[in-house]
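Structure at a glance
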Amino acid sequence: MIKKTILLFIVAGIGFFNTKEVTTYQTKENIGYYDESISDSDDYIQERCVLDLYYPKKEENYATIIWFHGGGLTGGNKFIPESLKEKGVAVVAVNYRLNPKVEAPAYIEDAAAAVAWVFKNIESYGGDPSKIFVSGHSAGGYLASMVGLDKSWLKKHDIDANSIAGLIPFSGHTITHLTVRKEQNIPEKQPLIDEYAPLFHIRADAPPLMLITGDRELEMLGRYEENAYLMRMMKVVGHKETTLYELDGFDHVGMAYPAFPLLLKEVKRILEMQKP
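Report follows, based on the coordinates. Model, not experiment: these values are computed from the prediction.

1. Topic: the packing of helix H4 (residues 106-121) against helix H5 (residues 139-149)
The contact between H4 and H5 brings their axes to 9 Å, and the two run at 70°. As far as their axial angle goes, H5 and H4 are roughly perpendicular. Two secondary-structure elements touch here, H4 through Tyr 107, Ile 108, Ala 111, Ala 112 and Val 115 and H5 through Tyr 142, Leu 143, Met 146 and Val 147.

Written out as structure tokens, the structure reads:
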């Protein structure tokens, strides 16, 4: 399903999670998501492979949104999106290693390790591991899609990618990421679909997938069309829950803010479906 969305619709739907005013939130910063045996062996892993956990205190069985920042796999830092705060959900903001200090598949390995950490640890903070959603913007959206569609990365951590409650990438590459192409001496405008492309890993049994991009005429390097192709091919192979939103009037960077309410709405929809 392709949906074109205007700002008025989005703003009208901001209050999807109405929580009690007494709910308080706590943030734990710079938690290493690799085992000490791995992080202690590499200073860069120790520096970059950390996450922040923002969660509702004294609440139980809440949902968690894992958020991967953008930056082309060459820059950027973790942050808790303001639009996701005080919405009754936990948010995990992840740092990962960057090019040129590393090359593929290090970025995907880090993303998978972070997601696995959440599955294995969120219950100890009160969260429900069956309510984990994976999202991110641009490069972060690419990582979210790779971890969720290519099951091999989470399998290394004894996690089934189908345990993810929902995938909601913002303006992510669905072909091989431009930085990964550059590592292979392929120009950034030369499309490639190989093992590092979410499109390579289409499958009918994947978690619910909501794709969100900016306006096709304002997006970066055909990003809308990439996502439209992923949507189409997921449907062709029999996936029943793939949706694509195009945010009219918003460019690659600007689309993130109006996309957050759609993310929260999707989380709420899936949580409602999980109820007995």
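2. A few points about the packing of aromatic side chains
Evaluation of the coordinates by the stated rule reveals 9 aromatic pairs. Between the aromatic rings of Trp 67 and Phe 170, the centroid separation amounts to 5.3 Å while the plane-to-plane angle is 70°, which identifies the pairing as edge-to-face. Of the two residues, Trp 67 sits in strand E4 (residues 62-68) while Phe 170 sits in strand E7 (residues 166-170), which places them 103 residues apart along the sequence. Looking at Trp 67, the relative accessible area reads 2%, which means it is buried. Phe 170 sits in the buried class, given a relative accessible area of 0%. Three or more aromatic residues link up through ring pairs in this structure, and these residues are Trp 67, Phe 79, Phe 170 and Phe 260.

3. Some words on the pattern of salt bridges
For the coordinates displayed, the defined rule picks out 13 salt bridges. Residues Arg 97 and Glu 109 are paired through a salt bridge, measuring 3.9 Å at the closest nitrogen-oxygen approach. Within this pair, whereas Arg 97 is found in the loop between strand E5 (90-94) and H4, its partner Glu 109 is found in helix H4, the two being separated by 12 residues in sequence. The class for Glu 109 is partly exposed, based on a relative accessible area of 31%. Note that Asp 110 and Arg 97 form a salt bridge whose closest N and O atoms lie 2.8 Å from each other. Separated by 13 residues along the polypeptide, Asp 110 in helix H4 and Arg 97 in the loop between E5 and H4 bring together distant segments of the chain. Each of Arg 97, Glu 109 and Asp 110 takes part in one network of salt bridges that share partners.

4. Observations regarding a nonpolar patch on the surface
On the surface, a cluster of nonpolar side chains totalling about 310 Å² of accessible area is made up of Ile 193, Phe 200 and Tyr 229. Along the chain, Tyr 229 falls in helix H8 (residues 223-236).

5. Some points on the pairing of E5
Burial within E5 is extensive, with 5 of its 5 residues counted as buried. Judged by which residues are buried, E5 turns out to be covered on both faces: Ala 90, Val 92 and Val 94 on one side and Val 91 and Ala 93 on the other are all buried. Strand direction decides the pairing type here: strand E3 (residues 50-56) and E5, joined by 4 bridges, are antiparallel. By the bridge assignment for E5, Asp 52 is matched with Ala 93.

6. Quick notes on H8
Given 3.6 residues to a turn, an α-helix orients residues that are three or four positions apart in the same direction. With 14 residues, H8 should reach 20 Å at 1.5 Å per residue; the first-to-last C-alpha distance of 20 Å fits that figure. Among the residues of H8, those classed as buried are Arg 223, Tyr 224, Glu 226, Asn 227, Ala 228, Leu 230, Met 231 and Met 234. Among the residues trailing H8, Gly 238 stands out with phi positive, at a value near 105°.

Quick notes on the rules
Residues numbered from 1 in each chain as written. Predicted model: local features only at pLDDT ≥ 70, side-chain atom pairs only at ≥ 80, totals over all residues. Heavy atoms only, no water. Axes fitted to C-alpha atoms, helices over the stretch in contact; angles between N-to-C directions. Helix = DSSP H or I, 4+ residues; strand = E, 2+ residues; numbered from the N terminus. Parallel < 35°, antiparallel > 145°, perpendicular 65-115°, else oblique. Contact = heavy atoms within 4.5 Å. Phe/Tyr/Trp six-rings, centres within 6.5 Å; stacked < 30°, edge-to-face > 60°. Buried < 20%, exposed > 50% of the residue type's maximum accessible area, 1.4 Å probe, protein only. Salt bridge = Lys/Arg side-chain N within 4 Å of Asp/Glu carboxyl O. Patch = residues over 30% accessible without salt bridge, like charges linked within 9 Å, V, L, I, M, F, W, Y side chains within 5 Å. Areas by Shrake-Rupley, 256 points an atom, 1.4 Å probe, with all protein chains shown as cover. Pairing = 2+ DSSP bridges. Expected span 1.5 Å × (residues − 1).

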